[in-house]
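One letter stands for each residue in the lines below.
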Amino acid sequence: MNLNIRELVQHVEYEPESYYAAFSAELEICASPMWALLQHLEDESSKDFTKNVIEIFSQQLHRWFISTNTGVFIKPQPSHLSFHYPLHRYLSVFIHSAIVKQGMSFRELNLSQEFLQLLMIHPLQLLVGFHEIYAGLWVRNGLQIRGQAMTYLQCHFCNSTIDADFYLLQVISSQLDADHFIQTVLERFHVLDCLTFQSNSELFRGRSFLARDQEMPMLEAMLSFLCMLLSIRTYSGEMTQDVTRQEMVALLCMSDRTHSQLIDSFPEKCGLSGQAKDFEQVLKTVSDYREPVYEHGGTLQQGKYVPTADTWVNLYDPLHVLLRSLHRRDFQASIDRYTEHVKQHKLFKGSSNVWPPFRIPGPLHPAFIGLTKLLHCRTMHGLIFVLLYKAVSDPNIPDAIIFYTVYLLELALTLPNPDGNKREIYISTKHKDKEFCNWFSSSNIFLNLMTVIPQMTVSYYRRKELDMRVDVLGPSSSSSASGVFWTVVPASQNQSSDGSNASPDPMAQIFDNPLLAISGASQMDVVPAAGAEENQVAPKYRHQGISANLDQEQVVEQVVVDQSILSLLLKLHSKLLGKSGAYLPFQNIGGNDVWPLADSRVGDGEYFIRKILDTICLKNEDCRCYISAMTSSQSETGKASSESNAEENRRKAKEKQDRVMKNFLSKQRVVMETMFGSDIDSPSAEEADAVKQSVFHCCICGQPTASLDSRPVGLTALIQSSSVLGHRRHCSDPLLLHLSDPLPHINNSANEFRKRLVALKNDFEEGSWMMALNSGWQGGVHVQTCGHYLHLDCHRSYISSLKNVNQQQSQILQVQLGEFLCPVCRQLSNTVLPIPPTSTVGASTVPEQLLVQHVAELLMAVRNQPVESPLTNAMRSVMQDLTNATYPQYRLFALGSSIPNLLMFIGSLLRANLEMELVLRSNNQTMAAAANLVQKKSCIFPLFHVLSMHYKIGMAYPSTDLWSHITGVNMEQQSTSLSLYLKEVPLMLKDACTMLIQLVLSLPPEFSKSVYSCIVQALYNVQLVQAVIIVSCKFSADEHEAWRLKGHRAGCSQMEALMTFVIESLSRCAIYADLEPPVPAICQSVWSPLSVEETVLDHLLPFLRLSAQLRQHLFEEELPPVSSAPVQGNRAEFELLVTFLGLAQKGSSAESKDSGLICTSCLRWFTDNHELLVQGWCQHLVQALGQQPSSLRLLLTVNPTWYPPQLLQLPKSYDQIFQFYRKKQCIQCRSQPKSPALCLVCGQLICYKEECCQKNSIMESVQHSIDCGGGAGIFLIVNSSIIIIIRGPRAAIWGSVYLDKHGEEDRDLKRGKPLHLNEDRFRLLHQLWITHSFDHICKQWILHNNQL
């Protein structure tokens, strides 16, 4: 049924897709009744029923054999294959039930020898065809034949198919003659031609069944089949729990697996009772649970079970893994994982390959004890001999064939012969090739180990046209033993039966002849076939489609072997070890047998061969004496050879080293001349100046150069829109996900910015209020870099090459928008930030008292358009990229004011990136996690220069007026009258950080640290007065009066004097009237000097942090971490920052040893009458508040403390989310979404992939990602538990933060497992969001086309 015929000429034309389903259905239809019947035939009471069933199956098989013309002497067609033999498998499993479960003997089943031989034909043919498929013989039959082979192994059918077939062959082989069975296996696998001693097998190969490249895979398959037949105990001896453990170990050793994967991949439990009950118990004993983690690249890993150390060392069985491997790569993966384990735990320290730890099988059921006869037959010993001979003489023999052979020999030495040692039989001294059964005189393994085979008679046919004599070693070869000769005999010629050259006695010179060296023709010497037998007539037979007739002639070849199995083992040991004579025979010391090696299965080929030799020496004294005599002779020969070759090897090594060095120097000189030409010794003036600058290595051309105006170097960067800063809150605790109506209002920095914007926009001119604050909290632009440099011209060439990639990659990578992958780390980038050729640090020779005037002169410097160059063009391109990355609604804040809007936009870009770094710096855990997730470096320095150039271009007037207002120093041609500021935002309402950025961006590129420190000092004075005013607004009327009087007392502090001066300056307006609602006296807090100091300090810290962060990037200074200071809260950070910025005045009288630096101790005024300056600031504020006091009071109730943004805190159980949101209505369309999605940033419910809420052809989830996240959205799909990431035009499935108790996801809720929040995954999601790493971590992006 379902007969497959091997295609030899052309590929199969049509493969129906439904074939796999039909094939699987047939297997399941046949297997289900079989297991159902067996459930009722498990005890001795049903023994008669089982016997009747077996008898009926036997009768039906007899009829089937007759109808299919199957006979013992009729070989099956090798090109025919079928996987459908249900009667054989029924008989197999019922025999197992009868013998193992019901205690019947094999004789009671009445299965004759002839019937068993017929029964063997089809399962053996099936397994041969199965291995042929994996060896590539059936490749022309298409994928369907390989699909059948994989289904044959599949976990749902393996107990009913391959296990039953193996068991049936085990039963048959235990009852048949062992030599006949092994010979039949060799013939069916077509490997006899691979096991010949023929000297020139390539020349006289003929028409073999196997191609040259198919011989070794089929030979390896045959050996693995024999090893599995002898060691697999699934049906023939192991208990149910042992089988469960073995299956579990096989699955875990292929790869680490989740709990559901183990359940799905575990073989069907039908027929193996108790597996379900033992599953969890066995799993705990053989594996360790690994918590859900993520890899370095950000890939999420679910909770998996990994093999324990004891499992690898004591339970891992490569043969059972091979039996369960659908792909050969699974078996190889288990070998690689095992090798990694033993080397990591230092169980193996050698440099050679670790051999698979084949296990010694457990005890057999007494009914199948005859299975071990296969190991103790002459055919098996002959097979081992020829394989060892090939391993020694042929360097192309794969390692797999060697370790399978060694394992078979180890089994023969370990498992006893059930028939004992048979008597010797007469064996002719003529050993004929491929007749393994006639090479040894008995089945005694120890006697056969010492038996020397002197020579081998090889006979084959060839065409008459070939030369009568072929000299393999060339024309100079003589007729001695170093040459190979053939005697050519026509097929019809009669030959004498007596040979003139008698072979030597096999045991005559055992201790006299040393082992032959492994070199040259001594491995296979051929003597003239003058004594060929003459009376034999070559029979006329058909072999592989060629008849031996008169057109062919017989060639008889005598190959000198003169080896035994032991001598071959010693040679193989020396070959694997790399030196001869290294093995020392096992010695019996003091009558105690002490093993020189531990009983371990961890080792390489040399280890296992040495272990076998030790076993032989221990179990047989004659073999030990034989080995001792051979090793002594071999060691003397090897020592003399090594001494003579040592000096020659050293001389050759020295000559090779000299040649390599000479070649290297020559190539190096050519490369240098090609790269630099004649300018190597005479660099240009520009290049000479570049030597003093930083040198960057281009990651495309690899050339180390400085960044020049003519050829600038850039930093790969990713520009993306972001609203992360807009979700900062005044509370450090995360918001809980809303599980009740209505949705609470969230007060964050984005909402507060909008309120301040409205208040300023209504009362002041556009050109003024737009310079009073920064935007970018919502919909700002974040710039990040991986830190790799490249030339801008190399970048253009790289982009051009990317445009020619295939369509699939171009859909993900939008090259037309400038996107590319970094050539080194493959991170997504979309721009290149040019590195300025000059440093910002300039030497300061200006006296300190003239710094204010010097800063004004720098601000007044003439601002011409920058000179056209590749550098300035690159800066313009970056500015265009920054603009395009911002969504239009976040780009314009007022209509018809292009210049102020541009300046506000540029300043906000720098402010947003500095604030983002401060957010990451405030959370050391987030910084460490970001470093582990993706490689990132700061790009503030090149970004600053790009923004500075465009800021100066857009300025309509210099910033000297602002500088004069800050410092109080009169500038030439400038007025200090306050009338100029009546329509502008008062200085006390402006943001100090905004003014710092404006002034620094207005400076020329080369300004010194002293200039920067002067600006910071002036703005610190402004910020301190602002903080005092804000704190005074929180006082009650009584506190106002008390603090007003404090400043007039003798010995008051500088803070008290400043507070008094501010209160008196502002008391003439309505700023203190009804500023806060009245509260009961019991609730009123008292403002002590310490509390005032701490509150003022809180208002100063944001400005100090940003100033220090900017100074760190501009002047490449290391900012000390806050953790290095004493733990004193904000005061410790304040002291560090003012010291770093140079604001601390050493020796000041206001400095206290107990409290350290206080806020007023860092004041340093640039005018003699600073009280007049502060009074002018306050008067401007009073005048502004006098016009609109109610609307501007909001600007004085500021909370300066912002905590890092956080995602919503999710409930522990996913069932709470599912039950609440699956029926909740959308706030937009007022309907229940079919696929509800939950924003994890703000908590809003949206309609995912539905058109009901779309606007302007943009679906709701995409629009919400823009409104809430500035283009980045994190959505939890309620009906699926997975998280969808929307990042600009792309979307990706990230995973799930809810896992079951085994650490697995339940996508689409198909398994119905209770899901619980995984804190590690949720923390990872938060880190990816706050560090803008989704573009680098998520790999499976798609273009959503606004359809989500």
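To start, this report covers the structure provided alongside it.

## Here's the deal with the sheet that holds strand 17 (residues 831–834)
The three strands are arranged 14-13-17 in an open sheet whose pairing can be described as antiparallel. Whereas interior strands pair on both sides, the edge strands pair on one side only; in this sheet they are strand 14 (780–791) and strand 17. On average, each strand axis in the sheet is inclined to that of its neighbour by 40°, with strand direction left out of account. Summarising the sheet, strand 13 (residues 713–722) and strand 17 pair through four bridges and their orientation is antiparallel. Note on strand 17: the bridge partner recorded for Leu715 is Leu833.

## A short note on the packing of helix 33 (residues 1009–1032) against helix 36 (residues 1089–1115)
The geometry of helix 33 relative to helix 36 is characterised by a closest axis approach of 9 Å and an angle of 160° between their N-to-C directions. In terms of orientation, helix 33 and helix 36 fall into the roughly antiparallel class. Of the two elements, helix 33 crosses helix 36, and the hand of that crossing is right-handed. Contacts between helix 33 and helix 36 involve Lys1009, Tyr1012, Ser1013, Val1016, Leu1019, Tyr1020, Gln1023, Leu1024, Ala1027, Val1028, Ile1030 and Val1031 from the former and Val1092, Thr1095, Val1096, His1099, Leu1100, Phe1103, Leu1104, Ser1107, Leu1110, Arg1111, Leu1114 and Phe1115 from the latter. Residue composition of the contact of helix 33 with helix 36, by class: 17 nonpolar, five polar and two charged.

## Side note on the environment of Phe764
With respect to the helices, strands and loops of the structure, Phe764 is situated in the loop between helix 22 (749–763) and helix 23 (766–769). On the basis of relative accessible area, Phe764 is assigned to the buried category, the value being 10%. Considering only alpha carbons, one finds Phe764 and Pro986, 222 residues apart in sequence, at a separation of 9.7 Å.

## Notes on helix 32 (residues 992–1002)
With respect to burial, helix 32 is a largely interior element, eleven of its eleven residues being buried. Elements in contact with the buried residues of helix 32: helix 26 (851–859), helix 28 (898–922), helix 30 (940–954), helix 31 (960–967), helix 33 and helix 36.

## Remarks on helix 16 (residues 399–414)
Counted at 1.5 Å a residue, the expected span for helix 16 with its 16 residues is 22 Å, and the 22 Å between its end C-alpha atoms agrees. Most of helix 16 sits inside the fold, with 14 of its 16 residues counted as buried.

## Focus: unusual backbone geometry
Phi is positive for Lys346, which is not a glycine, with a value near 60°. Note on placement: Lys346 falls in the loop between helix 14 (328–344) and helix 15 (378–393). Although it is not a glycine, Asn1256 adopts a positive phi angle of roughly 55°. For Asn1256, the location among the structural elements is in the loop between strand 19 (1245–1247) and helix 41 (1260–1269). In this structure Asn1256 comes out as exposed when scored by relative accessible area, which is 75%.

## A few points about the pattern of salt bridges
Enumeration over the complete set of coordinates arrives at 28 salt bridges. Taking the shortest distance from any N to any O, the salt bridge between Arg89 and Asp165 comes out at 3.1 Å. Within this pair, whereas Arg89 is found in helix 3 (residues 86–101), its partner Asp165 is found in helix 6 (residues 162–175), the two being separated by 76 residues in sequence. As far as the burial class goes, Arg89 and Asp165 line up, both buried. In this structure, the salt-bridge partner of Glu1305 is Arg1307, at a minimum N-O distance of 2.8 Å. Under the relative-accessibility criterion, Glu1305 is labelled buried at 10%. For Arg1307, a relative accessible area of 39% puts it in the partly exposed group. Among the charged side chains, a salt-bridge network with shared partners connects Arg728, Arg911, Glu915 and Asp991.

## Here we look at the pairing of strand 4 (residues 304–307)
Side-chain alternation along strand 4 places Lys304 and Val306 on one buried face and Tyr305 and Pro307 on a second face that is also buried. Two strands pair when backbone bridges link them, and strand 3 (residues 287–290) and strand 4 are joined in this way by four bridges, in the antiparallel orientation. In the sheet register, Asp288 faces strand 4, and the bridge partner there is Val306.

## Some details on the pairing of strand 14
The side chains of a regular strand alternate between the sheet's two faces. Among the twelve residues in strand 14, eleven count as buried, and that is most of the element. Two elements, strand 13 and strand 14, share nine bridges in a ladder whose sense is antiparallel. Of the residues in strand 14, the one forming a bridge with Ala717 is Thr785.

The rules we used
- Residues numbered from 1 in each chain as written.
- Predicted model: local features only at pLDDT ≥ 70, side-chain atom pairs only at ≥ 80, totals over all residues.
- Heavy atoms only, no water.
- Pairing = 2+ DSSP bridges.
- Helix = DSSP H or I, 4+ residues; strand = E, 2+ residues; numbered from the N terminus.
- Axes fitted to C-alpha atoms, helices over the stretch in contact; angles between N-to-C directions.
- Parallel < 35°, antiparallel > 145°, perpendicular 65-115°, else oblique.
- Left-handed = near helix turned anticlockwise from the far one by under 90°.
- Contact = heavy atoms within 4.5 Å.
- Nonpolar A, V, L, I, M, F, W, Y, C, P; charged D, E, K, R; others polar.
- Buried < 20%, exposed > 50% of the residue type's maximum accessible area, 1.4 Å probe, protein only.
- Expected span 1.5 Å × (residues − 1).
- Salt bridge = Lys/Arg side-chain N within 4 Å of Asp/Glu carboxyl O.

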